[in-house]
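# Inside the fold
So you can see what is in the structure, the chains are spelled out below.
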Amino acid sequence: MRKSGLKEKFVDRQILAIHKAMVEKLIAVPELRGHVVDTIEDRYKQGRLRHGAYLTWICLMDNIDDHQTFREGVLADTPRMNKLRRQTPFVGVLTEEERQQAIDDDACGKTSIETVF
């Protein structure tokens, strides 16, 4: 694997770890959902979110009460979702401490070298 490919994979793992924490917090704290939907709508209106990405995020938020579907959708291990998570509308869901804890627990602290390759 190229050095840059390994770096990209590591970054995707960190982003996924953060999204796992955000998904659980959005499920547990429904008051945060409106902010996410507003972010999606604002980015779309400003032209910062393409139509396909807009539909993906809005559909995921529409299905948040089906916790398993929501988790599977947001956390899907696909090139498309990896790309979409890099410009997540879930900004502000986690505190800095929660974000760092998610990275430490999932992306670094519990990872063996075998999972990187």
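To start, this report covers the structure provided alongside it. Predicted, not measured: the structure shown is a model, and the values here were computed from it.

### Side note on the layout of surface pockets
- Put simply, the largest pocket is a space of about 220 Å³.
- What lines the largest pocket is simply Arg48, Leu49, Arg50, Gly52, Ala53, Trp57, Arg80, Lys83, Leu84 and Gln87.
- Where the lining of the largest pocket is concerned, the elements lending two or more residues are α3 (51-62) and α5 (79-85).
- In the lining of the largest pocket, the residues fall into four nonpolar, two polar and four charged.
- Each pocket or cavity is described by its volume, and for the second largest pocket that value is around 160 Å³.
- Residue lining of the second largest pocket: 13 residues in total, with Ile18, Met22, Thr88, Phe90 and Arg99 positioned closest to the centre.
- Top contributing element to the lining of the second largest pocket by residue count: helix α1 (residues 3-28), with four residues.
- In terms of residue class, the lining of the second largest pocket is made up of seven nonpolar, four polar and two charged.

### Observations concerning the nonpolar core
- Judged by nonpolar contacts, the single largest core of 23 residues is most densely connected at Ile40, Trp57, Phe70 and Phe90.
- Breaking this core down by element, the ones donating at least two residues are α1, α2 (33-45), α3, α4 (67-74) and α5.
- The leading source of residues in this core is α3, at six residues.

Analysis parameters
- Residues numbered from 1 in each chain as written.
- Predicted model: local features only at pLDDT ≥ 70, side-chain atom pairs only at ≥ 80, totals over all residues.
- Heavy atoms only, no water.
- 1 Å grid on protein atoms, 1.4 Å probe; cavity = no way out; pocket = protein on both sides within 12 Å on 5 of 7 lines; lining within 4 Å.
- Points joined across faces, edges and corners; volume = space filled by probe spheres on them.
- Helix = DSSP H or I, 4+ residues; strand = E, 2+ residues; numbered from the N terminus.
- Nonpolar A, V, L, I, M, F, W, Y, C, P; charged D, E, K, R; others polar.
- Core = buried A, V, L, I, M, F, W, Y, C linked by side-chain atoms within 4.5 Å.
- Buried < 20%, exposed > 50% of the residue type's maximum accessible area, 1.4 Å probe, protein only.

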